[in-house]
Every structure is written in C-alpha cells, then in structure tokens.
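# Residue-level structural notes
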Amino acid sequence: MIVAGAFTGAFHFIVHNPHFLASKTLDQIELSAAALGIALVVALPLGVVLGHFHRGATIAIGASILGRALPSLVLIGIFLTVLGIGFRNNTVALAVLATGPILTNSYESVDRVDRDAVDAAIGLGMTHVQILRRIELPLALPLLFTGLRVAAVTVVATAPVAAVAGGGGLGDIIVNQASYGLSGVLGASFCVMALSAAVFLALFGLQIAVTPRALRATKVPGNLSGKEPA
Amino acid sequence: MSLASGPVIPNFGKGSACVRGDHTFCWDWVRDHWNDTLSPALVQHIELTVIAVGIGFALAFALALLAHSYRLLEQPFGIVSALLYTIPSIALFQLLVPFTGITWTTVEIALVAYTLVILYPNITAGLRSTSPEVLEAARGMGLTRQQVLWRVELPLAVPAIIAGLRIAVVSTISIGTIAAFLLPKGLGYPIFVALGNPTPFKTEIYSAGALAIGLALVCDALLVLLRRLLVPWARLRFA
Amino acid sequence: MSSQESRAAAELRFDRVTKHYAGRETAALSELSLEIPAGTFCVLVGPSGGGKTTALKMVNRLIPFDSGDITIDGRSVRDLPLVALRRGIGYVIQQVGLFPHMTIGENVATVPRLLGWPKRRIRERTAELLELVGLEAADARRYPAQLSGGQRQRVGLARALAADPPLLLMDEPFGALDPITRTRLQDELRRLHHEVRKTVIFVTHDVDEAIKMGDRIAILREGGVLAQYDTPDAILAHPADEFVAQFIGEDRALRRLALRTLGDVELDPVDGSTDVPRAPRSTTLRNAVSLMVGAGSDRIVALDDGGTPVGTLRLSRIEELL
C-alpha cells in the first residue's frame, strides 16, 4: 500500500515538476562532470604512466583502498571547512572520491597488458610514447573504462549527499523530505538512478566507439566490486 | 527529516579561545568531548558495522553455497547489484522509513543490502576459482562432492572472500556515516550537526572524520593480517 | 593368488567397452577388449581421438561407458560404490592438480586421511613415499607453488600411491615437462615399477615413450578401435597393419634394436681385433650399430664393468638377432 502510494506519488512529482527537476539535474551533471574532470586529469595520466613503467603499484592500489576508506560525508565536511560552502568544495570532495577507481584502473589496465606484445614493440624500436599509444592503451581500454564507469556512477550517486553542504542538484530535494515529501525524495532518487544509468551507458558506448574493431568483445561488464554508493 | 539536535557550538561561552575562534583543530575540545560525543559515536559506528557485515556475510555465504551447489542465481545478481549502487544511500535510508520507521533496523537493512551485494559475487567468484585440474584430481581420487567443497574449493576461495570483506567493511563504515541523517548515531552525527550550523565547527568535523577514516583503515589492515594468517600459500614464489 | 598379491596389483579387464558421444558419428570407443594381467605396465597409445584417455577415465568412472564392462579382479567397476572405487585407484593427470592450499605432505596424505588412517601411519607413509619418488623429507612442509614442474609431478605420483592402491591410472603425466625432466622421470618410474609391481595403465601420444615404458602396448586408432595389443618388441617386429606400421614409424627395425643391449645377446669370443670400437655391455644394440657404422667397422667389442673385453659382435649378425 505504502509502496504503491509512494511510487505513484513519485511519478506525480516528476510529471508535475519537469522544469524544476531538469534544472536540478543539470546542476548535478555540472557538479559531477566537474569532479570527474578533475579526477581524470589528475589520475588518468598518472596511472597510465605508472602502469607503463610498472612502478608505484602500492600508490596506485593504495589509492583505491584509501578512496574507499574516505567516507563521502567526511570529505564533503572537510572541504567545506577549507573551501567554504558552494560549488568548489563539493567538486573537490567528489573528485577525491573519483580518483581512487580511476587511478587504480588506469594503472592496472596498462600494467597488465601482455608483456610479450610490449617486449616485441620495444624490440622493434618503438619509443615509450608510441608503445603507449599504439599498443598499451588500446589493449588497456576495457579495464580502464571499467574504472571510469565506476568512478562516474559513484560520483553521480554520491552527489546528493553534497546537498547538505550547498552542493545543489537533485540532492537538494533528497535531503529535504520536509519540503518535498516522500514522493519528492523518491522522484528525485529515480532521476539520480536514471542519470547514473545514462552515464553508464554513455561511457560504455564511448568505450565501444574507441576500441579498435578487432578487440571488441561483446561482454557486458559484470561485477562492479569496489564501488561505493553515496 | 529532522536531525535530533545536539549541542551546536559546544560550551556556550565556556569554550576556550580555540573553540570560539573556530581554529583549525582544538585538542581541548576533543579531550572534553571524547566521552560524550566522540566515543559513543565511535562505539555506535562499530556496532553498526559489525551487525551489518555479520548479517550480510552470513546471508551472502549461504546464498553463494546454494548457488554453487545448484548452479542457479548466477546472473540476476550482477544486475541487482549494479542497480543498488545507483541509489544514493541517503535516499535508500529514507525510502525504507515508511516500512521500518526511523530505527536501527532501517539503517541495518540498507547496510546489509549494500554488503550483500558486494560479498555475494566475491564469494561465488572465489568458489569458482579452483583450477579444473585440481577439481579433476580431487574427484578422481575419490573425494565426495561435499568433501571437494569444504576441503578444496572453500579454502581456495578464502582470498577472494577476504578481498570482498575488506571492501564490504570499509564501504559499510563509509555509508554508515550517512546513517546519521536518519538517526543521531554513529560518526556521521557529529558531522551532520556541525554542517547544520551556519559556521560549521571545524574540530568536530575533523575529529569525527578522522575517527571514521581511522576505523576503516584499521579494519582493512586487520583483514589483511587475517589473510596472511589464513592463506600462507598465496604469497609464495617458486624457490 | 594370495590375498597379499591381489592387494598389491589388480588384474584389469576391458570387455567390449563401447562409448558414443551424442551427435558424433564416430564412436569414442568401439568394442574395446583388453586383458591386463596383474602387475603389468600397460601403455595406451595412439593419435588424438583414439579414445585412450576416454578408456582410462572409464576405469575410475569419471566417464561413463555405454555398453560392455570393465572389471578389476573380476568385479565390475559398476558394482563398487563410486567413492570407494576411486579411493582404491591411484590417479595421476598431466597438470598434476596438486591442492595449492595444502602442503606437500598434506597433499600426499589426502587419501589415507579419507580412509581414516591413524596419524602416525600417515606420517610414516608420507616420508616413505617422498623418498620413493626422489624427494626429501623436508619437502613435506613446502607448498606446491614452491616446487618445479618435475617435482610436482613426483608429488602427484606419491599422492596416487599413498594408500597403496592395486591399480594406477596415469594420463599423459609427463606431457607438460621439458624433455630432460621427462626422461629422468620416465627412468625413475620404470625403476619404481620394478620395485613396486602394480598394475599401471599409462596413456600417452608419444610412441617412443610407449615403447620405452610399456610391458604391453595397446594402440588405439581413431574411433576407439584397438589396432594392436602386444609387447613392444612384437609390435615392432610384426605390426598388425598399415596404420600401426605408420604409427610406429619406418625406423621400427632400429627401434627394436634399442630394446636390447650387448649384454643381452650371445657374443662371439674375443678375437683380438684392434682398431675396432669398444663399448660397455649395457650399450643398446642400436647404439652399437651406430658406433660400428660411424667407425666404418664390421664389428664391436663388448666390455664388462671393469673395462675388460668379454666378446665381439659382428654387424652381419644383427639381422638374425631381430
């Protein structure tokens, strides 16, 4: 009974507030994209380079462990005190969260590329950059993208918590049941889930587009262990 | 959703200069409030985690054994777990309230769900990780199905299980902070309280945060130690 | 046959065993009939698809057979409870399949533990077996990951022999090893078999290995049909048909020579020839021929352990020795 009521209420909410939800969703996308962007720029090159030279495994893998151990709430709280309320603090907090999976996976994906292929490339006289670009990265794509997807979905699903620190987005509704009622919370949650799914699919599509034809496997990625919800 | 409010800026007027000025970190506040704020929060948080992981593990283990012996349930879980992770935990907590009220139970149900969803695939994968030749040798030597499971497959699954436990424990501690949105318990509570203030009190946030992070890291380290004890064979090299 | 003997080695019999896999036209095994006396080292050899591994795995019922029967000491394998059957047969596979989470000692002790042997007996037996297969007692505490391929296969053998089964099944056990280790283990297994006369069914695709190891060889052609079953020497001398002749190779006459040594044959008296190759009595006839041809000589002098000439062999006599 309650379930049915809540669900219908949620759909009502969505239907009656399209612009409101859309603007909140856009805010959330902005926040998530910014956070992911920072994490990508920092962690991806670092991970790839470390993986190429097969060094720094402890850092790369430790980053994930540390990342998991940092509760999103704590991060948000800390950065709020450092950077004040608003967009910046939450972006940074979420970026820190996203760094773990991206760093670890970019490291592992390059580190695990078939050594024989790399050795052959070295023997043929390819430079480091050429090996990375032509051999390692194409072969590393699946695992790399898994990390990206995990990071992206984590950020999107965690962003609502940031609302308590001025993060805006759909979280504003979710943490404010007093104003929007349970249907509002549920409705906004559906939007978050839809957003997560969209991001997941978008990245998966990107992965397929970027993968060289010969390497395209048609497996849907399975377990997402290592992910941390909001 | 209201937060049960506790002391906002503690010790009105009685605070030290540090506290009143909201300096970066006030040890005196920590000392003064260890017993009434931080320590109970820590204990509650540990309780929360132990119950969630305990139940989650028991369930995941039972289900995994069933699935392994009867070859069912393999696929649905991938999808369910992917779905569950897209639900913000804050939302999930609130969504359970109509069913189980604003109680420990609500929080635990959500936490157990997240834990289950991490542990089940790990345990199943671990059980399936035995090499085919080891299984063939075991069968050929005359071990019964049960014996193969308990004497060969399970011991060999321990590394995967512990890996899953590490993730589950740390995740639970992390999500547990958000539980304070619902109930004034756990290490998230001091943080929410501080955030609810126009000028958030830094020390409170940092100390509770440090405890949460510390707890997670300590548990992770303990599990690594456990793995070393239980699995002496996994780190050997050919000598 | 005293009960002691029948415990030590079992007689194995295949009686018109047939197996078809669904959807395949050719049979995996076609009316295979073999009689393997107790204590024989019987090698199943043939090209892939010949059903040799299939036949082996039917003995411990890892693969079921459609018709016919397999009996051990007269009792059908279908009559014995499955687990008891398998605990009474030693089983060695190519990849060994040691349990990575157990020490070598625990691996070897697997079946005795299942059978409920007292701890002391298990310990003694483990030590005995490790010595038998050429490992050290200290190795009992190590883990499989710490051993080389050759060492692991020795452990596999020890594990199979642990409960002293009357029958041993070996499925291409040396296939994954490098040639030097393989040769060494082959020699050791032969020595072992002379000491511990169990019935062994040994599968391989390598004809040379079959000739070297077997008391009897069963050649299975594609479709699981028995092409020939006899001693190595008989097969080399009189291959049953074109297929067998092709399979063992055109140099089979020379291979037959490799089966005997100078010491095995009747030698002519020493005739004082100088400038003639000399070789110990243990040299195979094949190597003796090689030495003679290489030196351009028509005879070779055999020496005893001390280096004293004990007889001569002429190249022209080789023919009659075949």
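Use the structure listed above.
Residues numbered from 1 in each chain as written. Chains lettered and ligands numbered in written order. Predicted model: local features only at pLDDT ≥ 70, side-chain atom pairs only at ≥ 80, totals over all residues.

## A look at the overall build of chain B
Along its length, chain B carries nine helices and zero strands. Shown N-terminal to C-terminal, the secondary structure of chain B runs as helices and strands in the order α-α-α-α-α-α-α-α-α. Counting the 239 residues in chain B, one finds 46% classified as buried. Across chain B, contacts joining residues at least 24 apart in sequence account for 73% of those joining residues at least 6 apart. (Helix = DSSP H or I, 4+ residues; strand = E, 2+ residues; numbered from the N terminus. Buried ≥ 20, exposed ≤ 12 C-beta atoms within 10 Å, placed from the backbone. Contact = placed C-beta atoms within 7 Å.)

## Re the overall build of chain A
If you tally the helices and strands in chain A, you get nine helices and zero strands. The N-to-C order of helical and strand elements in chain A reads α-α-α-α-α-α-α-α-α. In terms of overall dimensions, chain A has C-alpha extents of about 65 × 40 × 25 Å along its principal axes.

## Focus on the nonpolar core
One finds Leu94(A), Ala98(A), Val155(A) and Ile201(C) to be the most contacted residues of the largest nonpolar core, which totals 202 residues. With 14 residues, the top contributor of residues to this core is helix α7 (residues 128-158) of chain A. Discounting chain neighbours no more than four positions away, the residues touching Ala98(A) are Ala35(A), Leu36(A), Ala39(A), Ala151(A), Thr154(A) and Val155(A). In this structure, Leu262(C), Ala288(C), Ile300(C) and Leu313(C) belong to the second largest nonpolar core, which totals nine residues. (Core = buried A, V, L, I, M, F, W, Y, C linked by C-beta atoms within 7 Å.)

## Digging into the interface of chain A and chain B
Taken together, the contacts link 41 residues of chain A with 42 residues of chain B. Listing elements by their share of the side of chain A that touches chain B, those giving two or more residues are α1 (2-16), α3 (57-69), α4 (72-83), α7 and α9 (177-210) of chain A. A total of 10 residues in the side of chain A that touches chain B trace back to one element, the largest contributor, which is α9(A). Taken together, the residues that form the side of chain A that touches chain B break down as 28 nonpolar, 10 polar and three charged. (Nonpolar A, V, L, I, M, F, W, Y, C, P; charged D, E, K, R; others polar.)

## Here's the deal with the environment of Asp66(C)
The topology assignment puts Asp66(C) in the loop between α2 (52-59) and β4 (67-72). Residues within four places of Asp66(C) in sequence aside, it is in contact with Thr18(C), Lys19(C) and His20(C).

## Considerations on the arrangement of the chains
Looking at the two pairs of chains with contacts, the pair that accumulates the most is chains A and B. Separated in space, chain A and chain C share no contact, their closest pair of C-alpha atoms being 21 Å apart.

## Quick notes on helix α7 (residues 149-161) of chain C
Three or four residues apart is the spacing at which side chains of an α-helix point the same way, because the helix has 3.6 residues per turn. Residue and element names in this part refer to chain C. Its 13 residues place the ends of α7 19 Å apart at the C-alpha level, agreeing with the 18 Å of an ideal helix rising 1.5 Å per residue. The buried count for α7 comes to 11 of 13 residues, which makes it a mostly enclosed element. Of the positions making up α7, those classed as buried are Gln-151, Arg-152, Gln-153, Arg-154, Val-155, Gly-156, Leu-157, Ala-158, Arg-159, Ala-160 and Leu-161. Residues of α7 that are buried in the fold lie against β6 (89-93), α4 (104-108), α5 (110-115), α6 (119-132), β7 (167-171) and α8 (179-195). (Expected span 1.5 Å × (residues − 1).)

## Notes on the sheet that holds strand β12 (residues 299-303) of chain C
Residue and element names in this part refer to chain C. Strand order in the open sheet formed by three strands is β11-β12-β13, with mixed pairing between adjacent strands. Each having just a single partner strand, β11 (278-280) and β13 (309-314) make up the two edges of the open sheet. The sheet shows a mean angle of 30° between the axes of neighbouring strands, taken without regard to direction. Summarising the sheet, β11 and β12 pair through three bridges and their orientation is parallel. Note that in β12 the partner of Ala-279 across the bridge is Ala-302. The strands that helix α13 (residues 285-295) touches are β11, β12 and β13; relative to β12, the one it contacts most, it runs at about 130°. (Pairing = 2+ DSSP bridges. Axes fitted to C-alpha atoms, helices over the stretch in contact; angles between N-to-C directions.)

## Description of the pairing of strand β8 (residues 199-204) of chain C
All names here are of chain C. Taking burial as the measure, the six residues of β8 include six buried ones, the bulk of the element. Residues Thr-199, Ile-201 and Val-203 point to one face of β8 and Val-200, Phe-202 and Thr-204 to the other, with burial holding for every one of them. With five bridges connecting them, β7 and β8 associate as parallel partners. Counted as the bridge partner of Asp-171 is Val-203 from β8. Taken together, β7, α8 and β8 form a β-α-β motif whose crossover is right-handed. (Right-handed = clockwise from strand over helix to strand, strands pointing away.)

## A short note on the pairing of strand β9 (residues 216-221) of chain C
On any regular strand, side chains alternate: one points to one face of the sheet, the next to the other face. All names here are of chain C. Of all six residues making up β9, five are buried, and the element is well covered by its neighbours. Pairing analysis gives four bridges linking strand β3 (residues 41-45) to β9, with the strands arranged parallel. Within the sheet, the bridge partner assigned to Leu-44 lies in β9 and is Ala-218. Across five bridges, β9 lies against strand β10 (residues 225-230) in antiparallel orientation. In the strand pairing of β10, Ile-219 is matched with Gln-228.

## Section: the environment of Gly187(A)
All names here are of chain A. As for its position among the elements, Gly-187 is in helix α9. Each C-alpha atom of the pair Gly-187 and Thr-8 lies 9.4 Å from the other, and the pair is 179 residues apart in sequence. In contact with Gly-187, other than residues within four places in its own chain, are Ala-10, Phe-13 and Ile-14.

## Some details on the interface of chain C and chain B
The partner chain B presents 17 residues to the 20 residues of chain C that form the contact. Within the residue set of the side of chain C that touches chain B, elements represented by two or more residues are α3 (82-87), β6 and α5 of chain C. Each residue belonging to the side of chain C that touches chain B can be placed in one class, and the counts come to 11 nonpolar, seven polar and two charged.

## Remarks on the sheet that holds strand β5 (residues 75-76) of chain C
Taken in spatial order, the four strands line up as β2-β1-β4-β5 (chain C) in an open sheet, and their pairing is antiparallel. Every interior strand has two partners, whereas the edge strands, β2 (29-36) and β5 of chain C, have only one.

## Comments concerning unusual backbone geometry
A positive phi angle, near 50°, is found at Arg16(C), a position not held by glycine. In this structure, Arg16(C) sits in strand β1 (residues 12-19).

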